[in-house]
Amino acid sequence: ALLGAKCVITDGDARVLELAKSNAIANLTPAEQTLLEYSQLKWELAADPTWKYEKGEKWDVILAADVTYYSKNIPSLTRMMQRLAGPNTEIFLAHTIRPTDGASME
C-alpha cells in the first residue's frame, strides 16, 4: 500500500480484521489508510459468489503470513490461492516452523 497499490486485507475471523484496522490507524497516515480494504474471507469457500472480490479477476500479488500452522487448512488455502492467482501472480508465503506438542497444533 505504501507504494500506491490497492490492498485487500483478509482473514476468516472478523475480530482479526478489526485488529488489522486498528494497527493501520495507529501506524499509517490517513492517505495511506485509504489504499487499504478489509474483507472477511473463509478459505473453505474457495468460489464464494457472495465475496465482494470474487469477480473472476486474477490478483497481481498474494501475500500470506502465518497461515499454515493448521495443516488441515492447507488444502483450502491452496484452492483459494489457485482461484485468485493467474499465470503472472506472485505469491509470497511466510511460514514459521512451530513445535508440534502445543495444544493448538495437530
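Placed above this text is the structure.
Visitor: Help me understand the nonpolar core in this model?
Guide: Most often, soluble globular proteins have nonpolar side chains that are buried together. Counting residues in each nonpolar core, the largest one holds 12 residues, listed as V8, L41, W51, W59, I62, A64, V67, L77, M80, M81, L84 and A85. Secondary structure elements with two or more residues in this core: strand 3 (59–65) and helix 3 (74–84). The element best represented in this core is helix 3, accounting for 4 residues. Discounting chain neighbours no more than four positions away, the residues touching L84 are W51, E57, K58, W59, I62 and T89.

Visitor: How do you make sense of the pairing of strand 3 when you look at a structure like this?
Guide: Within a regular strand, the side chains alternate between the two sheet faces. Examined bridge by bridge, strand 3 and strand 4 (residues 85–94) share 6 bridges and lie parallel to one another. In the strand pairing of strand 4, I62 is matched with I91. Crossover connection from strand 3 via helix 3 to parallel strand 4: handedness right-handed.

Visitor: I would appreciate a short explanation of the side chain of S76 in the present structure.
Guide: Mapped onto the fold, S76 is located in helix 3. Residue S76 is classed as buried on the basis of its relative accessible area, which comes to 12%. A distance of 3.2 Å separates a polar atom in the side chain of S76 from a polar atom in the side chain of R79. Excluding its chain neighbours within four sequence positions, the residues that come into contact with S76 are W43 and E44.

Visitor: What am I meant to see in helix 3 here?
Guide: Two residues of an α-helix separated by three or four positions point the same way, owing to the 3.6 residues in each turn. Listing the buried residues of helix 3 in full gives S76, L77, M80, M81 and L84. Down the axis of helix 3, the smallest arc covering the buried residues is 135°, so these residues share one side.

Visitor: Whenever I open this one, unusual backbone geometry confuses me. Can you help?
Guide: Across the chain, the bulk of peptide bonds are trans and the bulk of non-glycine residues have phi less than zero. Even without a glycine there, the phi angle at D66 is positive, about 60°. Along the chain, D66 falls in the loop between strand 3 and helix 3. By relative accessible area, D66 is classed as partly exposed at 39%.

Visitor: For this particular structure, what's the right way to read the environment of L63?
Guide: Examined against the element boundaries, L63 turns out to sit in strand 3. Put simply, L63 and E90 are 27 residues apart on the chain and 8.4 Å apart in space, counted from C-alpha to C-alpha.

Visitor: What is the right way to read the side chain of T68 from this model?
Guide: Within the fold, T68 resides in the loop between strand 3 and helix 3. Polar side-chain contacts of T68 include one of 2.4 Å to the side chain of H95. Those residues in contact with T68, other than ones at most four positions away along the chain, are I74, L77, L93 and H95.

Thresholds, definitions, all that
- Residues numbered from 1 in each chain as written.
- Predicted model: local features only at pLDDT ≥ 70, side-chain atom pairs only at ≥ 80, totals over all residues.
- Heavy atoms only, no water.
- Core = buried A, V, L, I, M, F, W, Y, C linked by side-chain atoms within 4.5 Å.
- Buried < 20%, exposed > 50% of the residue type's maximum accessible area, 1.4 Å probe, protein only.
- Helix = DSSP H or I, 4+ residues; strand = E, 2+ residues; numbered from the N terminus.
- Contact = heavy atoms within 4.5 Å.
- Pairing = 2+ DSSP bridges.
- Right-handed = clockwise from strand over helix to strand, strands pointing away.
- Polar contact = N/O pair within 3.5 Å; in protein donor to acceptor, adjacent residues only side chain to side chain.
- Arc of directions from axis to C-beta.

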